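Analysis of the macromolecular model
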Amino acid sequence: MGAVRKLATVVIVGLVALSTLLVVYLAAEPARRDNETTEQQATSIERGTSLYITYCLQCHGPAGLGAAEDVEPRRTGGILNQDALMPEEAQADLNANFQSDDPVQQGIAEEWIRYRILYGIPSDQMRQNFDGPVQMPAFANDLNVEQINDLVYLIMYGDWNYVYNTAVHETGIALAQQQCMATPGADAAACEAIDDAPPAYPTVPPPADAPDDASEAEEQSGTPEAQPEQNPEADESAGDASGEEGEGDGEAAPSGGGSVEIEALDSLAFSESEITVKPGDTITLTNAGFLQHDLAVDDWGGPLTPMLTNGETAEFTIPEDAEPGEYEFYCSVPGHKEGGMVGTFTVEAP
Ligand SMILES: [Cu+2]
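Small disclaimer: the values here were computed from a predicted structure and weren't measured.

**A closer look at the overall build of the protein chain**
- Across its full length, the protein chain carries 10 helices and 11 strands.
- The 350 residues of the protein chain split such that 32% are buried.
- If you take every contact in the protein chain between residues at least 6 apart in sequence, the share linking residues at least 24 apart comes to 57%.

**Notes on the nonpolar core**
- Counting residues in each nonpolar core, the largest one holds 23 residues, and the members touching the most others are Ala 264, Val 277, Ile 318, Cys 331, Met 341 and Phe 345.
- In terms of residues, this core owes the most to one element, strand 3 (residues 259-265), which gives 3 residues.
- When residues no more than four places from it in sequence are discounted, the contact partners of Met 341 are Leu 268, Ala 269, Phe 270, His 293, Tyr 330, Cys 331 and His 336.
- By size, the runner-up hydrophobic cluster in this structure holds 22 residues, among which are Leu 80, Ile 155, Tyr 164 and Ala 167.

**Some words on the environment of Ala 68**
- Secondary-structure assignment places Ala 68 in the loop between helix 2 (57-60) and helix 3 (87-93).
- Residue classification places Ala 68 among the partly exposed positions, given that 19 C-beta atoms sit within 10 Å.
- Separated by 12 residues in the primary sequence, Ala 68 and Leu 80 place their C-alpha atoms 9.8 Å from one another.
- If sequence neighbours within four positions are ignored, Ala 68 has contacts with Ile 79 and Ala 84.

**A short note on the confidence of the model for the protein chain**
- Confidence along the protein chain averages 78 in pLDDT terms, with 77% of residues attaining 70 or more.
- Low confidence marks residues 204-256, where pLDDT is under 50. Its contacts with residues over four positions away, or in another chain, come to 79 contacts.

Procedures and definitions
- Residues numbered from 1 in each chain as written.
- Predicted model: local features only at pLDDT ≥ 70, side-chain atom pairs only at ≥ 80, totals over all residues.
- Helix = DSSP H or I, 4+ residues; strand = E, 2+ residues; numbered from the N terminus.
- Buried ≥ 20, exposed ≤ 12 C-beta atoms within 10 Å, placed from the backbone.
- Contact = placed C-beta atoms within 7 Å.
- Core = buried A, V, L, I, M, F, W, Y, C linked by C-beta atoms within 7 Å.
- pLDDT = per-residue confidence, 0-100.

Below is the structure:
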């Protein structure tokens, strides 16, 4: 008898203990799930940030301010950072409220952002901006579903200070690496290993082939504010301010001598857009920007250079058997051609 009761007691105590544990466990479940979601959100925003810096920053800016007034350099894209808008402006101006707390609004906003990223702004729907007609490339073919989700997530829930800080941090490192490589006797491995540097504003650095300008840039690089002056976008409006750079943006047609040097610029242009060449001429492309660029000619088999990162240079020759005529060249990074990284080789008879 005593043994049975003892056993019963043990079983009951055990059950009570178990169910208590279960209750405690279940009570903690929402928190556990929250943690998981928060972690997922954080990774998504992290990935979204680097995608944004690669594909969107040149038009929408490091703080998502795009073509917002009073922002220098003023870019062409829409304002994605709605935190920066006054509530009245936000109401008047927006297709969707990205920062709303209302789940219905959030749904509308997500769909709107997704739609824009997928389809961009086609040329027949070009927007009129302060600077003329503007366009946005469609990313439907170049980004996968997850990447687009990450970008939507970033724009909806991300922190633009974080994006900005990441962008200026990475730009600073890229600039330091570039300057390191430009010093005589540079050790490539050591330069590449630089992982910390004063932040720099992501804009187009001075041309790499102009030593005077390069040292000027070094003097200025300590102050990120000085950087926007280097930007061709800004140059156009304030041409004389930085006119001594003598960059001659694009229209010159250097030819002869069998070699041509071109720069790829983050303003989504090549330093020369109309180039006259002969078969066998050597073309040297330097990436003077912080984004990745290359150079492709479809008629000659696509990309003629590897994908170049900041400061890298590559050479190729105009095919010996190229018929006289005009050949379009462009940068094959998604969106860059549409953004203006395109030009023409005019091949003359040898
Ligand atoms: Cu490019």
